[in-house]
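Structure assessment
Here is what each chain is made of, one letter per residue.
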Amino acid sequence: MKKNRLRKTLTIIVTSILLLITSVFIAFKLTPWPSALFIRYVFNKEGKKVNEQLKNHVPEGVTMISNEQYLEGDSDAKLDVYYPSTLANTQQLLPVIVWVHGGGWIAGSKDQISNYCQILASKGYCVIATDYALAPETTYPRPLTQTNKALEYINKHANRFHADTSRYILAGDSGGAHIVAQTANIITSPDYAKLVGISSGIRSNQLAGLILYCGPYDAEFVNQKGAASVFLETVLWSYSGKKDYNSVPGFKAASVIHYLTPNFPPSFISAGNGDPLLPHSQALATKLMSLNVKVDTLFFNADLSPSLPHEYQFNLNTPQGKLALENSLSFLKEITH
């Protein structure tokens, strides 16, 4: 009798486990949500850690204006402003760096780059970090619309932010670098703006240049059979809105590398030698050079050990992270002075 009850109980447990495993498997196949939420958790945890590690590099004397809502009625559309505290009670304006955070379009926030933005601001810049709606809650091209609206908002509040809007630098890392590259192409190419259906937030003569770290620029140039296949499938599915992202009307334009023109702004491009997205940065630099666009790059020998991971530039405890900051600042000085 006891054996029968035990056998029955074990059968129920095993059946329940099998049903749970089957349900989870089906969920992962039918929607990007389970994978996206897991990736978001991991990315946000790492982003907060990296930002915290930068705290010791942040100098005193930087003023912050936080959580400005740049688009009415959109709770995701907020930005933070950083500038040297010595500008308080003055009319002085500084070149403005607008930094769009990374996170594979499904994670990250402006808060996770706050310390890096303060470091840049201390060098004599107005630095503005923007948030945007994340996937899969929102799909492409919503972040592009929001970024251009943020630029419009900065134009309207330039004096309060101490922002010289005749000298914009758009900057981004990872997925943010992709948003920045598309935004720059919208600003400088009317045909591309028409193609994606988004109005430019600023005039082309206001855009001095770009800083692009570790970004993806071609959805057709991804290896979905490698170690990162699950991640790539998840982010592209989440951002496009469909598992077969190539079938989404208009998503082809997200592969911005195929739509560049000689009017694209001067660009600083970098990625680590161990970054899976390194080929994207190298291809972008090569394409822009072929169009006679001014390009500065920072790439490393393939045999550099230990290899530099994705988002290596935020680690200022390494010689390469320090070099990336120095080279970025040199580029900024060259295009804004």
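An account of the accompanying structure is given in this report.

Rules used in this analysis
- Residues numbered from 1 in each chain as written.
- Predicted model: local features only at pLDDT ≥ 70, side-chain atom pairs only at ≥ 80, totals over all residues.
- Heavy atoms only, no water.
- Helix = DSSP H or I, 4+ residues; strand = E, 2+ residues; numbered from the N terminus.
- Buried < 20%, exposed > 50% of the residue type's maximum accessible area, 1.4 Å probe, protein only.
- Contact = heavy atoms within 4.5 Å.
- Areas by Shrake-Rupley, 256 points an atom, 1.4 Å probe, with all protein chains shown as cover.
- Core = buried A, V, L, I, M, F, W, Y, C linked by side-chain atoms within 4.5 Å.
- Axes fitted to C-alpha atoms, helices over the stretch in contact; angles between N-to-C directions.
- Left-handed = near helix turned anticlockwise from the far one by under 90°.
- Nonpolar A, V, L, I, M, F, W, Y, C, P; charged D, E, K, R; others polar.
- Phe/Tyr/Trp six-rings, centres within 6.5 Å; stacked < 30°, edge-to-face > 60°.
- 1 Å grid on protein atoms, 1.4 Å probe; cavity = no way out; pocket = protein on both sides within 12 Å on 5 of 7 lines; lining within 4 Å.
- Points joined across faces, edges and corners; volume = space filled by probe spheres on them.
- Pairing = 2+ DSSP bridges.
- Salt bridge = Lys/Arg side-chain N within 4 Å of Asp/Glu carboxyl O.

**Focus on the overall build of the protein chain**
Within the protein chain, the secondary structure is distributed over ten helices and eight strands. For the protein chain, with 337 residues in total, the buried portion stands at 52%. Pairs at least 24 apart in sequence give 76% of the contacts found in the protein chain among residues at least 6 apart. In the form shown here, the protein chain has an accessible surface area of approximately 16,100 Å², with 55% of it arising from carbon and sulfur atoms.

**Some remarks on the nonpolar core**
In this structure, Leu 79, Ile 154, Phe 161 and Phe 251 are the most contacted members of the largest nonpolar core, which totals 69 residues. Broken down by element, this core gets its largest block of residues, seven residues, from helix H6 (residues 175-188). Leaving out residues up to four positions away in the same chain, Phe 251 has contacts with Tyr 140, Ala 219, Leu 236, Tyr 239, Ser 240 and Tyr 245. Judged by nonpolar contacts, the second largest core, of 35 residues, contains Val 62, Tyr 116, Val 127 and Ile 211.

**What about the packing of helix H4 (residues 142-156) against H6?**
Interaxial distance between H4 and H6 falls to 10 Å at its minimum, and their mutual angle equals 65°. Viewed along their axes, H4 and H6 form a crossing whose handedness is right-handed. Residues Pro 143, Leu 144, Thr 147, Asn 148 and Leu 151 of H4 touch H6, and the partners they reach there are Ile 179, Gln 182, Thr 183, Ile 186 and Ile 187. When its residues are assigned to classes, the contact of H4 with H6 shows six nonpolar, four polar and no charged.

**A few points about the environment of Val 100**
With respect to the element layout, Val 100 can be found in strand S3 (residues 94-100). What makes Val 100 buried here is its relative accessible area of 1%. Counting along the chain gives 28 residues from Val 100 to Ile 128, while the straight-line C-alpha distance between them is 8.7 Å. With residues near it in sequence (within four places) discarded, Val 100 still touches Thr 130, Tyr 132, Thr 147, Ala 171, Gly 172, Asp 173, Gly 176, Ile 179 and Val 180.

**Digging into the packing of aromatic side chains**
Evaluation of the coordinates by the stated rule reveals 15 aromatic pairs. On the basis of an interplanar angle of 80° and a centroid distance of 6.3 Å, the ring pair of Tyr 239 and Phe 251 is categorised as edge-to-face. Remark: Phe 251 occurs in the loop between helix H8 (229-240) and strand S7 (267-270) and Tyr 239 occurs in helix H8; sequence separation between them is twelve residues. The class for Tyr 239 is buried, based on a relative accessible area of 1%.

**Section: empty space enclosed by the protein**
If you walk through the whole model with that rule in mind, you get one cavity of 30 Å³ or more. Here the largest cavity is characterised by a volume of approximately 40 Å³. Every residue along the wall of the largest cavity is listed here: Val 50, Gln 53, Leu 54, His 57, Phe 314, Asn 315, Leu 316 and Asn 317.

**Description of the pairing of strand S5 (residues 163-173)**
With respect to burial, S5 is a largely interior element, nine of its eleven residues being buried. Note that S3 and S5 share seven bridges and pair parallel. Residue pairing in the sheet places Val 100 in a bridge with Gly 172 of S5. Direction of pairing for S5 relative to strand S6 (residues 207-213): parallel, over a ladder of six bridges. For Ala 171, the partnering residue across the bridge sits in S6 and is Ile 211.

**A look at the pattern of salt bridges**
Across all of its chains, the model carries ten salt bridges by this definition. Put simply, Asp 111 and Lys 110 hold a salt bridge, and the shortest N to O gap is 3.5 Å. Residue Asp 111 is classed as partly exposed on the basis of its relative accessible area, which comes to 45%. A relative accessible area of 2% means that Lys 110 is categorised as buried. Lys 149 is paired through a salt bridge with Glu 152; the nearest N and O atoms lie 3.8 Å apart.

**Looking at the sheet that holds strand S2 (residues 78-84)**
Strand order in the open sheet formed by eight strands is S1-S2-S4-S3-S5-S6-S7-S8, with mixed pairing between adjacent strands. In this open sheet, the two strands that pair with only one neighbour each are strand S1 (62-69) and strand S8 (295-298). For this sheet, the mean angle separating the axes of adjacent strands, direction not counted, is 15°. Relative to S7, S6 runs parallel, the two sharing four bridges. Looking across to S7, one finds that Leu 212 is bridged to Ile 269. Against the sheet, helix H3 (residues 114-121) contacts S1, S2, S3 and strand S4 (126-130), and its axis sits at roughly 35° relative to S2. On top of the sheet, H6 reaches S3, S5 and S6; it is set at about 140° to S5, its chief contact.

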